[in-house]
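Here's the letter readout for the chains.
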Amino acid sequence: MLFDSWQFICVFLPLTLAFFYFTKNLKGQFWSSLCLVVASCFFYAWWDYTYLLLLAFSVLFNYQIGLRVRANKRLLIFGICTNLALLIYFKYTTFVLNNVNELGFEFSVPNIVLPLAISFFTFQQIAYLVDSYKKLVTDHSFLNYCLFVTFFPQLIAGPIVHHKEMMPQFAQNKPFDGQLFLFGFVLFAIGLFKKVIVADGVAQYANPVFNAADAGQQIEFAEAWGGALAYTFQLYFDFSGYADMAIGIAALFGILIPLNFNSPYKSLNIIDFWRRWHITLGRFLRDYLYIALGGNRLGELKKFQNLFLTMLLGGIWHGAGWNFAIWGVLHGTYLCVNHMWLKYRPSQLLEYTRLYNTLAWGLTFVAVVVAWVFFRAETYHGAISILTSMFDFSNISTYEYVESYSSEPIYKYFDSIYGWYWLSMCALIAIALPNSTTISKYVSTHISASLRLFLVAFVATFILFLVTISTSSEYNEFIYFNF
């Protein structure tokens with residue numbers, strides 16, 4: 001069940017909200033939390049009810065380990081290894097066997113379906129076990145733990161939440177917060193618009209280019225840049241749209257979950273990019289992998305090694321494929337180079353000049369786009385084909401632009417000047433305008449003080465909401481569902 005499907009918007013969400021607030025007012029916090037657990041299990045089972053057993057096993061197993069793991073390092077290692085073994089089996093078995101068979105072996109490759117959200121709830125519970133081992137967990141309620149793992153707004157594709165952020169909220173019997181509800185509604189509507197209108201709209205210009213490159217067809221300079229930029233914005237608006245909807249839905253229930261995006265394409269360096277992009281994943285990799293490897297405590301060389309290894313594993317976490325590993329290698333290299341530049345740059349005064357900041361932004365953005373090519377391409381050769389064309393200036397097309405209403409294709413795969421209009425709109429929204437969280441907070445804090453302005457904001461948001469769902473399709477799955 002997708003956030004942008006009519007089943008979710010018109011049936012599941014309204015009914016769950018109604019039952020939640022009914023039980024909360026009539027029976028109290030325990031029953032409203034139980035209502036959310038049941039609803040979340042139903043939400044997950046809608047995809048494939050057989051994998052609900054896997055989720056239930058994971059919750060029960062990790063809860064029991066968490067109760068007993070305090071200062072018990074062997075039990076912690078056992079718990080982490082069990083979680084990783086399940087993740088590796090479902091996510092990487094086919095990839096490993098296919099690569100082994102290419103060496104001349106003939107192992108049978110099973111048809112394994114990747115369970116929805118296994119990457120996210122595995123990382124979330126590993127963090128819980130580590131914190132339980134360090135005696136940082138204070139809430140041992142089984143119901144709150146179930147809700148912490150299964151809470152449907154963030155279950156499928158994050159944000160990767162921390163127990164100390166969520167479980168105390170589940171334990172509180174907070175009254176209805178109209179301002180938070182308005183914030184959630186506005187943010188959900190904006191996220192829905194970003195996914196259905198922007199991300200799905202620009203996808204039509206990204207997919208043909210990458211599909212053609214993967215099929216071995218020649219890509220021209222403008223096609224390559226058009227496709228790469230289209231995917232750059234498609235991924236951002238798709239995933240940040242999901243995150244906005246997740247945060248917005250949680251706010252409708254009076255729950256705050258952490259921000260996952262903070263205008264990453266405004267970053268002036270790659271370090272800042274990772275403070276703004278998929279924030280909760282970056283936090284997990286820093287706290288439970290980079291620091292566990294030694295962080296920067298063992299000298300400069302070890303720091304770079306830990307950074308590189310962290311990003312390599314972060315790339316592999318995203319998917320079972322060599323291109324994901326290359327994406328991780330690129331970002332690991334970027335981070336190392338960025339840290340070296342900050343240490344050895346000629347003068348910090350450079351950072352106060354407009355020219356330097358413009359060049360820094362441009363270099364960062366291009367580096368991110370280059371890495372996204374490997375993230376999107378299905379094959380290594382497809383990625384190399386696109387990158388080669390992007391930087392082959394002798395391959396610049398000599399086509400002349402025609403009127404936008406013409407049926408004549410301008411480029412072979414990036415086939416309309418409308419594609420560049422889409423990219424311009426995406427760039428304006430992602431780089432120049434305030435992000436959705438800033439807008440939602442402004443609306444909820446300033447508009448709610450005036451009834452008339454509140455009604456105007458609510459009606460405007462509701463119209464945006466109706467326009468968006470009228471064009472929504474349940475077949476437009478979120479990109480991160482594949483990871």
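Residue indices begin from 1 for each chain and proceed along its sequence in written order. Residue-level local features of this predicted model are given only where pLDDT is at least 70; pairs of side-chain atoms are given and counted only at 80 or more, and the full residue set underlies all totals for whole chains, interfaces and linings. The side-chain numbers reported here are obtained from all heavy atoms of the structure, hydrogens and water having been left aside.

Draft legend 1. Structural context of the overall build of the protein chain. On a plain count of helices and strands, the protein chain comes out with 19 helices and 0 strands. Every residue pair with non-hydrogen atoms within 4.5 Å of one another is taken to be in contact. The long-range fraction of contacts in the protein chain, counting pairs at least 24 apart against all pairs at least 6 apart in sequence, stands at 75%. In this description, accessible areas are obtained by the Shrake-Rupley approach with a 1.4 Å probe, and a residue is regarded as covered only by the protein chains that are shown. Accessible surface, the protein chain as shown: approximately 22700 Å² in total, 65% of it carbon and sulfur. A run of H or I in DSSP becomes a helix once it reaches four residues, and a run of E becomes a strand once it reaches two; helices and strands are each numbered from the N terminus.

Draft legend 2. Just the nonpolar core, in detail. In this text, buried Ala, Val, Leu, Ile, Met, Phe, Trp, Tyr and Cys residues form a nonpolar core when linked through side-chain atoms within 4.5 Å. Relative accessibility thresholds used throughout: buried, under 20% of the residue-type maximum; exposed, over 50%; partly exposed, between the two (1.4 Å probe, protein chains only). Ranked by size, the top nonpolar core spans 142 residues in total, and within it Phe-8, Phe-253, Tyr-265, Trp-277 and Trp-372 carry the most contacts. By residue number, the principal contributor to this core is helix 10 (residues 221-252), which donates 21 residues. Not counting residues up to four positions away in its chain, the partners in contact with Phe-8 are Met-1, Leu-2, Phe-3, Leu-13, Pro-14, Phe-43, Phe-152, Phe-188 and Ile-249.

Draft legend 3. Layout of the packing of aromatic side chains. Only Phe, Tyr and Trp rings are paired, with Trp represented by its six-membered ring, and only when their centres lie within 6.5 Å; those with planes under 30 degrees apart are stacked, over 60 edge-to-face, the remainder tilted. In this structure the tally under the stated criterion is 59 aromatic pairs. An angle of 90 degrees between the planes, with centres 5.8 Å apart, marks the rings of Phe-152 and Phe-253 as edge-to-face. Here Phe-152 is found in helix 7 (residues 152-155), whereas its partner Phe-253 is found in the loop between helix 10 and helix 11 (270-276), with 101 residues between them in sequence. The interplanar angle of 15 degrees and the centroid separation of 5.7 Å between the aromatic rings of Phe-273 and Trp-277 together place this pair among those described as stacked. By the burial criterion, Phe-273 is buried, and Trp-277 matches it.

Draft legend 4. Layout of the side chain of Glu-223. Of note, Glu-223 is situated in helix 10. You can call Glu-223 buried: its relative accessible area is 0%. Each polar contact in these results corresponds to two N or O atoms within 3.5 Å; when the atoms are within protein, one needs to be able to donate a hydrogen and the other to accept it, and residues that are neighboring in sequence are counted only if both atoms are side-chain atoms. Only 2.9 Å separates the side chain of Glu-223 from the backbone nitrogen of Glu-220, close enough to count as a polar contact.

Draft legend 5. Highlighting the pattern of salt bridges. For salt bridges, the criterion is a side-chain nitrogen of Lys or Arg within 4 Å of an Asp or Glu carboxyl oxygen. By the definition in use, this model includes 7 salt bridges. One salt bridge connects Lys-195 with Asp-200, and the closest N-O pair in it is separated by 3.0 Å. A salt bridge links Arg-276 to Asp-272, with the shortest nitrogen-to-oxygen separation between them at 2.9 Å. Highlighted residues: Arg-276 and Asp-272, both in helix 11, separated by 4 residues, approximately one helical turn.

Draft legend 6. Region of interest: the packing of helix 15 (residues 354-376) against helix 16 (residues 380-390). Fitted lines through C-alpha atoms give the axes, limited to the stretch in contact for helices. The angle between two N-to-C directions lies from 0 to 180 degrees. Contact pair helix 15 / helix 16: the axes reach a minimum separation of 8 Å and the direction vectors enclose 150 degrees. Here helix 15 is positioned roughly antiparallel relative to helix 16, judged by the angle of their axes. The chirality of how helix 15 crosses helix 16 is right-handed. Every residue of helix 16 that contacts helix 15 at Val-369, Val-370, Val-373 and Phe-374 is listed here: Tyr-380, Ala-383, Ile-384, Ile-386, Leu-387 and Met-390. Under this grouping Gly is polar, as are all residues other than the nonpolar Ala, Val, Leu, Ile, Met, Phe, Trp, Tyr, Cys and Pro and the charged Asp, Glu, Lys and Arg. Looking at the contact of helix 15 with helix 16 residue by residue, the classes come out as 10 nonpolar, no polar and no charged. With respect to orientation, any angle under 35 degrees is reported as roughly parallel, any angle over 145 as roughly antiparallel, any angle of 65 to 115 as roughly perpendicular, and every other angle as oblique. Two helices that cross are described as forming a left-handed crossing if the nearer one is turned anticlockwise from the farther one by less than a right angle, and a right-handed crossing if clockwise.

Draft legend 7. Representation of a nonpolar patch on the surface. Patch membership requires more than 30% relative accessible area and the absence of a salt bridge. Residues of like charge join within 9 Å; the nonpolar side chains Val, Leu, Ile, Met, Phe, Trp and Tyr join within 5 Å. A grouping of Trp-6, Val-11, Leu-15 and Phe-19 is seen on the molecular surface, where their side chains present a nonpolar patch of about 420 Å² in accessible area. Its place among the elements puts Phe-19 in helix 1 (residues 6-26).

Draft legend 8. Main features of the confidence of the model for the protein chain. Values of pLDDT, which run from 0 to 100, indicate the predictor's confidence residue by residue. In this model, the protein chain carries an average pLDDT of 87, and 89% of its residues clear a pLDDT of 70 or more. Low pLDDT, under 50, characterises residues 398-410; the stretch is placed with 18 contacts to residues that sit more than four places away or in other chains.

Draft legend 9. Layout of the packing of helix 9 (residues 178-214) against helix 16. Direction vectors running N to C along helix 9 and helix 16 enclose 115 degrees, while the axes themselves pass 7 Å from each other. Handedness of the helix 9/helix 16 crossing: right-handed. Judged by residue contacts, Val-209, Phe-210, Ala-213 and Asp-214 of helix 9 engage Gly-382, Ser-385 and Ile-386 from helix 16. Partitioning the contact of helix 9 with helix 16 into residue classes produces 4 nonpolar, 2 polar and 1 charged.

Draft legend 10. Geometry of helix 6 (residues 142-150). With 8 of its 9 residues buried, helix 6 lies for the most part within the structure. Where helix 6 is concerned, the buried positions are Leu-143, Asn-144, Tyr-145, Cys-146, Leu-147, Phe-148, Val-149 and Thr-150. On its buried face, helix 6 is in contact with helix 2 (29-45), helix 3 (52-68), helix 5 (118-133), helix 7 and helix 8 (163-171).

Draft legend 11. Geometry of the environment of Ser-263. Residue position: Ser-263 is located in the loop between helix 10 and helix 11. Remark: the alpha-carbon pair of Ser-263 and Ile-429, spanning 166 residues in sequence, is separated by 9.6 Å.

Draft legend 12. A look at the side chain of Lys-24. Among the structural elements, Lys-24 can be located in helix 1. Of the side chains bearing the opposite charge, Asp-177 lies closest to the buried Lys-24, which forms no salt bridge; the N-O distance is 11 Å. A distance of 3.3 Å separates a polar atom in the side chain of Lys-24 from the backbone oxygen of Lys-174. The contacts of Lys-24, once residues within four sequence positions are left out, are Gln-29, Ser-32, Gln-172, Asn-173 and Lys-174. This count recognises Lys and Arg as positive and Asp and Glu as negative, with His and chain-terminal groups excluded.

Draft legend 13. Geometry of helix 10. Expected span, for any helix, means 1.5 Å times one less than how many residues it has. End to end, helix 10 covers 46 Å across 32 residues, agreeing with the expected 46 Å (1.5 Å per residue, within 8%). Most of helix 10 sits out of view: 32 of its 32 residues are buried. Gly-254 sits one or two positions beyond helix 10 and adopts a positive phi of about 80 degrees.

Draft legend 14. Molecular detail of unusual backbone geometry. Although it is not a glycine, Ala-71 adopts a positive phi angle of roughly 60 degrees. Take Ala-71: it is sitting in the loop between helix 3 and helix 4 (73-101). Overall, the relative accessible area of 55% leaves Ala-71 in the exposed class.

Draft legend 15. Quick peek at the environment of Phe-273. You can see Phe-273 is positioned in helix 11. Among all residues touching Phe-273, those that are not within four sequence positions of it are Pro-264, Tyr-265, Ser-267, His-331, Val-368 and Trp-372.

Draft legend 16. The arrangement of the environment of Leu-423 in detail. With respect to the helices, strands and loops of the structure, Leu-423 is situated in helix 17 (residues 417-432). The spatial distance from the C-alpha of Leu-423 to the C-alpha of Ala-230 is 6.4 Å, given a sequence separation of 193 residues.

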